[in-house]
Amino acid sequence: MEATLVKERRNADRVPFASQVMIVYGEFAWVADVLDMSQGGCGVFRPAGCLLRVGNVSRLLFFQGPGPAVPVSARIAWINDRHVGFEYHEPQSVPPNPP
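Description of the structure in this document. Predicted model, so just to flag it, every value in this text is computed and none were measured. (Residues numbered from 1 in each chain as written. Predicted model: local features only at pLDDT ≥ 70, side-chain atom pairs only at ≥ 80, totals over all residues. Heavy atoms only, no water.)

**Concerning the overall build of the chain**
Of regular secondary structure, the chain possesses 1 helix and 7 strands. Start at the N end of the chain and walk to the C end: the helices and strands fall as α-β-β-β-β-β-β-β. In the chain, which comprises 99 residues, the share counted as buried stands at 34%. Across the chain, the fraction of contacts at a sequence separation of at least 24, relative to all contacts at a separation of at least 6, is 49%. (Helix = DSSP H or I, 4+ residues; strand = E, 2+ residues; numbered from the N terminus. Buried < 20%, exposed > 50% of the residue type's maximum accessible area, 1.4 Å probe, protein only. Contact = heavy atoms within 4.5 Å.)

Below is the structure:
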């Protein structure tokens, strides 16, 4: 039921995407695997020890190995035991491009 409600609120279709992201929230940071993404947001597998709550604003740093990362500001739209859903503050390409 929860997944259905989340899907109904989305403005863009999400596509599966294999990548990693660093989630930065205040003094905390976690690395997570990306589940899917769209122009308006992304879903990730919830990292161990994740302290995020719905409504928290974080900085996402998308990367695919050594080299530059792509920073994106986002709000936690939903969270459960296995996944975290982010809503970007500004629309992004899929995958997000460097500024």
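Now that the structure has been shown, the text picks up again.
**Focus: the layout of surface pockets**
In this structure, the second largest pocket occupies an estimated 160 Å³ of space. Lining the second largest pocket, in full, are Phe 17, Ser 19, Met 37, Phe 62, Phe 63, Gln 64, Pro 68, Val 70, Pro 95, Pro 96, Asn 97 and Pro 98. For the lining of the second largest pocket, the class distribution of residues is 9 nonpolar, 3 polar and no charged. (1 Å grid on protein atoms, 1.4 Å probe; cavity = no way out; pocket = protein on both sides within 12 Å on 5 of 7 lines; lining within 4 Å. Points joined across faces, edges and corners; volume = space filled by probe spheres on them. Nonpolar A, V, L, I, M, F, W, Y, C, P; charged D, E, K, R; others polar.)

**Some words on the pattern of salt bridges**
In the structure shown here, the tally under the stated rule is 1 salt bridge. Note that Arg 75 is salt-bridged to Glu 87, the shortest N-O span being 2.7 Å. Taken together, the positions of Arg 75 in strand S6 (residues 70-79) and Glu 87 in strand S7 (residues 83-88) put the pair 12 residues apart, joining distant regions of the chain. (Salt bridge = Lys/Arg side-chain N within 4 Å of Asp/Glu carboxyl O.)

**As for the packing of aromatic side chains**
How two aromatic rings sit relative to each other is given by the distance of their centres and the angle of their planes. For the structure shown, the criterion picks out 2 aromatic pairs. Relative to Trp 30, the ring of Phe 28 has its centre 6.0 Å away and its plane inclined at 10 degrees; by these criteria the two rings are stacked. Between the aromatic rings of Phe 62 and Tyr 88, the centroid separation amounts to 6.4 Å while the plane-to-plane angle is 85 degrees, which identifies the pairing as edge-to-face. Here Phe 62 is found in strand S5 (residues 57-63), whereas its partner Tyr 88 is found in strand S7, with 26 residues between them in sequence. (Phe/Tyr/Trp six-rings, centres within 6.5 Å; stacked < 30°, edge-to-face > 60°.)

**Some thoughts on unusual backbone geometry**
For the bond running from Val 94 to Pro 95, omega is -5 degrees, close enough to zero to count as cis. Relative to the elements of secondary structure, Pro 95 occurs in the segment after S7.

**Topic: the pairing of strand S2 (residues 20-25)**
Where S2 and strand S3 (residues 28-37) come together, 6 bridges link them in antiparallel fashion. Opposite Val 21, over in S3, you have Ala 32 as the bridge partner. Turn length for the S2-S3 hairpin, with the two strands adjacent in sequence and antiparallel, is 2 residues, and the turn residue Gly 26 shows positive phi of about 60 degrees. Here S2 runs beside S5; their pairing, made up of 5 bridges, is antiparallel. (Pairing = 2+ DSSP bridges.)

**Looking at the side chain of Ser 38**
Inspection of the secondary structure puts Ser 38 in the loop between S3 and strand S4 (41-45). From its side chain, Ser 38 meets the backbone nitrogen of Gly 40 in a polar contact 3.1 Å long. (Polar contact = N/O pair within 3.5 Å; in protein donor to acceptor, adjacent residues only side chain to side chain.)

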